[in-house]
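Structural overview
In case you want the letters, here they are:
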Amino acid sequence: MAKFLRINMTTQTATYEDAPAKYALMAGRYLTSTLVADQVPPSAHPLGPNNKIILAPGWATGTSAPTSARISIGAKSPLTGGIKESNAGTGFGQQMARMEIQAIIVEGFPTTPGKFWGVHITQNGATFFPADEYAGKGNYEAWRKIIERFGKKADVMGVGVAGEKRMTNAGICFNDMQGRASRYAGRGGLGAVVGSKGLKFIVIDDTGAPPLRPIADKDLFMQGQKKLTQAIRTHDITKPKGGLNTYGTAVLVNLLNEAGGFPTRNFSSGRFEGAPKIAGEAIFEGNKQRLGKELYNHACSPGCIIQCSNVWHDEKGQEAASCLEYESVWSLGANCGIDSLDDAGELVRLCNDIGLDTIEAGVTLAVAMEAGLAKFGDGKAAIKLMHEIAQGTPLGHILGNGAAFTGRAFGVIRVPTVKGQGLPAYEPRAVKGIGVTYATSPMGADHTAGYTIAPEILGVSGKQDPLALGGKAALSKGFQTATAFIDSTGHCLFIAFPILDIGSGFEGMIEEAAGVLGVQWTAADVTRIGEEILRTERKFNEAAGFTKKDDRLPEFMKYEPLPPHNVVYDVTDEELDSVYKDM
Amino acid sequence: MIQVRVRLYATLRAYASQQKLGEPQIVQLPDGATVKQLIAALGIPDNIVRKVFSQGRAVEEDHVLRDGEDIGMFPPVAGG
Ligand code: SF4
């Protein structure tokens, strides 16, 4: 019988309860968003006693399905003020699923401010332990110590100094397969919610649990798994030594740069002259030169057959940072005018160590540069600003609260945020459809919420002209809906590339989920469930005070033409509003 | 004859004569040559090139090249 684990931070107690029947068919984002909507008052202060943190593995997580180790985390976001779902690839969710813990609900409020706790979950129950000795330290050291203490089998969720200090750019950190504190449910400041509850870590070790989670209809599940695996293994993008495995996600740097949609120096241009120096090709070549051999990418989490995660090495061939993904080399590179992988790598390492979302951190640094706190392109000055955050200086607190907060503190007008969350690495003026997703997603500016880049830029799932108007609302709506379902499966979103092109792969994903649950689902259920999730999230946001005005891109994008195409954002407000009109 | 400036990315770099990242190589082609002919001239097998950009715009294989055009080419790639 699936159960919920309630972790009460007021009383330092952890109790299991049978999961109510209403939630029986829910997992991942479906479950976390529904539980947040049911249990958190929309008016709650995100860092106050009435917010909760919900963790849930996806349907396929903890099975033998490929690339299915995502954990979904939900709460009211202190960054956006709306509902938030953020997910990460880690063994943590697999251990939860094998222990048949459908969700962990962290609630309550500490009675002793400044004190931090850890929770250790095993087959014998969940126990609290004082965690003050790990507070105030960098995440690499803290994770090393905690894994030393609880053993290599343990997976650890936790927050860094940014979360402890309740900064609204604090992410939630998980270890990767080598125990590095490097896998983040980064977006939306959920680390601050964890910190506000006096929670430093949750450590999970399922020793004694069955090797796989229970599956209701094994034949259907295996049929689905086979189809999905086949699709991933044959698609050019996800196959072994294909694009993602060789160059990582940063292979997109040159592509977006060629397309004129690579946001540069705080969204003032769509082209960066230093792009080739920070691209996936440069990471591959740089590592090869420094290590004397070719280095292919690795899995961030157990069971991933796509394996896009990388490590950057320094001049001595020592590990410098992991992972240099597209979003991170963009935000901490091009967006700050920085063209050195060593500087961008150090900034990534610092984000991981302090416990920050790399996207928001880079968008914030660029706004700070716009404000004159450092010069664009000055990597060393950017690194210094990051240390301000680590030290918790007053300036550090401003920067640690994200781009919108920093922009307001320094009177900057060009602040690229929607619903208070920094825009990711695709310029909406040059790629219109992704702008619809940024504007209308309940998550705030988030590319993963509806990745129209696939047809607009990559030529996956058809071809669309990124600069053309018309049909972009429908395109975004379709992607947002399908994504809400994929975020519930526990699969990494990157399975979208093969399954959008290979129909049997898409069927396989549905059959896996249906097999786990023992139901019969078709593509119609993907739409039905996806829309239900989006409606739930949207309703929460409306009750929290969001209106149409919040579904808009920053104003400067409507009047500042973006080189090289010299275009403004010209999707009409009516079209933006049409995405959720009849949902 | 026309001259175009070509940048090859990701796995297409195996077909590049210019090995410096991001630097274009110059290719000479007969007047009226298309992208398809350019791909052949570079020795790249069919069906490997997924996206071709000219001055920031995606173009297809039947696109007729002009003298001095800037071209970027990619195999299937993706990220997030
Ligand atoms: S595809 Fe990349 S991000 Fe996704 S699970 Fe695999 S290694 Fe992690």
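Thresholds, definitions, all that
Residues numbered from 1 in each chain as written. Chains lettered and ligands numbered in written order. Predicted model: local features only at pLDDT ≥ 70, side-chain atom pairs only at ≥ 80, totals over all residues. Heavy atoms only, no water. Contact = heavy atoms within 4.5 Å. Buried area = accessible area lost by both parts, 1.4 Å probe. Salt bridge = Lys/Arg side-chain N within 4 Å of Asp/Glu carboxyl O. Polar contact = N/O pair within 3.5 Å; in protein donor to acceptor, adjacent residues only side chain to side chain. Helix = DSSP H or I, 4+ residues; strand = E, 2+ residues; numbered from the N terminus. Nonpolar A, V, L, I, M, F, W, Y, C, P; charged D, E, K, R; others polar. Pairing = 2+ DSSP bridges. Axes fitted to C-alpha atoms, helices over the stretch in contact; angles between N-to-C directions. Buried < 20%, exposed > 50% of the residue type's maximum accessible area, 1.4 Å probe, protein only. Near = heavy atom within 4 Å. Parallel < 35°, antiparallel > 145°, perpendicular 65-115°, else oblique. Left-handed = near helix turned anticlockwise from the far one by under 90°. Expected span 1.5 Å × (residues − 1). Phe/Tyr/Trp six-rings, centres within 6.5 Å; stacked < 30°, edge-to-face > 60°. Domains from an automatic or database assignment. Core = buried A, V, L, I, M, F, W, Y, C linked by side-chain atoms within 4.5 Å.

Some points on the interface of chain B and chain A
Facing the 21 residues of chain B at the interface are 33 residues of chain A. For the pair chain B and chain A, the two sides together bury roughly 2,300 Å², of which 59% comes from carbon and sulfur. The three residues of chain B that bury the most area against chain A are B:R50, B:A78 and B:G80, which together make up 26% of that side's buried surface. Where chain B touches chain A, the interface holds 4 salt bridges. Among the ionic pairs, A:D465 bridges to B:R57, the shortest N-O distance being 3.5 Å. Here chain B is connected to chain A by 11 residue pairs in polar contact (both at pLDDT 80 or more). Contributions of two or more residues to the side of chain B that touches chain A are made by β3 (51-54) and β5 (70-74) of chain B. Residue composition of the side of chain B that touches chain A, by class: 8 nonpolar, 7 polar and 6 charged.

Some thoughts on the sheet that holds β3(B)
All names here are of chain B. Here 5 strands make up an open sheet; going across it, the order is β2-β1-β5-β3-β4 and the pairing mixed. The open sheet is flanked by β2 (25-29) and β4 (57-59), the only strands paired with a single partner. The mean angle between the axes of side-by-side strands here comes to 35°, regardless of whether they run parallel or antiparallel.

A few points about the pairing of β5(B)
Side-chain positions along a regular strand alternate between the two faces of the sheet. All names here are of chain B. Within β5, 4 of the 5 residues are buried, which leaves the element mostly enclosed by the surrounding structure. In terms of strand pairing, strand β1 (residues 2-8) meets β5 through 4 bridges, oriented parallel. If you follow V6 over to β5, its bridge partner there is I71. Here β3 pairs with β5 via 4 bridges, running antiparallel. The residue bridging V52 from the neighbouring strand is M73, located in β5.

Some points on the pairing of strand β7 (residues 117-122) of chain A
Residues and elements named next belong to chain A. Counting buried positions over the 6 residues of β7 gives 6, a clear majority of the element. Relative to strand β8 (residues 125-130), β7 is paired through 6 bridges, and the arrangement is antiparallel. Bridge pairing in β8 links T122 to G125. Following β7, the chain reverses through 2 residues before pairing antiparallel with β8. Relative to strand β12 (residues 199-204), β7 is paired through 5 bridges, and the arrangement is parallel. Across the sheet, V119 pairs through a bridge with I202, a residue of β12.

Some words on the site of the ligand
Around the ligand sit 13 residues, and of these A:C300, A:C304, A:C308, A:C492 and A:F494 come closest. Looking at side-chain class alone, the shell around the ligand contains 7 nonpolar, 4 polar and 2 charged residues.

Things to note about the packing of helix α17 (residues 432-440) of chain A against helix α19 (residues 472-489) of chain A
Residues and elements named next belong to chain A. Two numbers describe how α17 lies on α19: the axes approach to 8 Å, and their chain directions differ by 60°. Judged by the inter-axis angle, α17 sits oblique to α19. Considering only the axes of α17 and α19, their crossing is right-handed. The residues of α19 that touch α17, namely those facing K432, G433, V436, T437 and T440, are K472, A473, S476 and Q480. Looking at the contact of α17 with α19, its residues break down into 2 nonpolar, 5 polar and 2 charged.

Comments concerning α19(A)
All names here are of chain A. Here α19 contains 18 residues, and its C-alpha end-to-end distance of 26 Å stays within 8% of the 26 Å for a straight helix at 1.5 Å per residue. Summarising burial for α19: 14 of the 18 residues are buried, a large majority. Two residues or fewer past α19, G490 is found with a positive phi of approximately 90°.

Overview of the packing of aromatic side chains
All names here are of chain A. One pass over the structure, following the stated rule, counts 20 aromatic pairs over all chains. Residues Y326 and Y426 carry aromatic rings whose centres are separated by 5.4 Å and whose planes lie at 50° to one another, so their mutual orientation is tilted. One end of the pair, Y326, is in helix α11 (residues 326-331); the other, Y426, is in the loop between β16 (421-422) and α17, and 100 residues separate them in sequence. Take Y326 and Y426: they sit in the same class, and that class is buried. One aromatic cluster is present, formed by F262, Y326, Y426, Y451, F494 and F497 through successive ring pairs.

What to know about the domain arrangement of chain A
Residues and elements named next belong to chain A. Each assigned domain of chain A is listed with its residue range as follows: domain 1 (3-204) and domain 2 (249-296 + 307-424). Taken over C-alpha atoms, the centre of domain 1 sits 26 Å from the centre of domain 2. Across the contact, 24 residues belong to domain 1 and 29 residues belong to domain 2. A buried area of about 2,100 Å², summed over both sides, lies between domain 1 and domain 2, and 45% of it is on carbon and sulfur atoms. Scanning the region where domain 1 abuts domain 2 turns up 3 salt bridges. Put simply, domain 1 and domain 2 have 18 residue pairs in polar contact (both at pLDDT 80 or more) between them. Elements with a minimum of two residues in the side of domain 1 that touches domain 2: α3 (139-150), α4 (161-164) and β11 (181-185). Counting residues per element, the side of domain 1 that touches domain 2 draws most heavily on β11, which supplies 4 residues. Looking at the side of domain 1 that touches domain 2 residue by residue, the class counts come to 8 nonpolar, 10 polar and 6 charged.

Comments concerning the nonpolar core
Residues and elements named next belong to chain A. Membership of the largest hydrophobic core comes to 177 residues, with the highest contact counts inside it found for L55 and I104. Sorting elements by how many residues they give to this core places helix α13 (residues 358-370) first, with 8 residues. Shared between two domains, this core holds at least three residues of each, these being domain 1 (3-204) and domain 2 (249-296 + 307-424).

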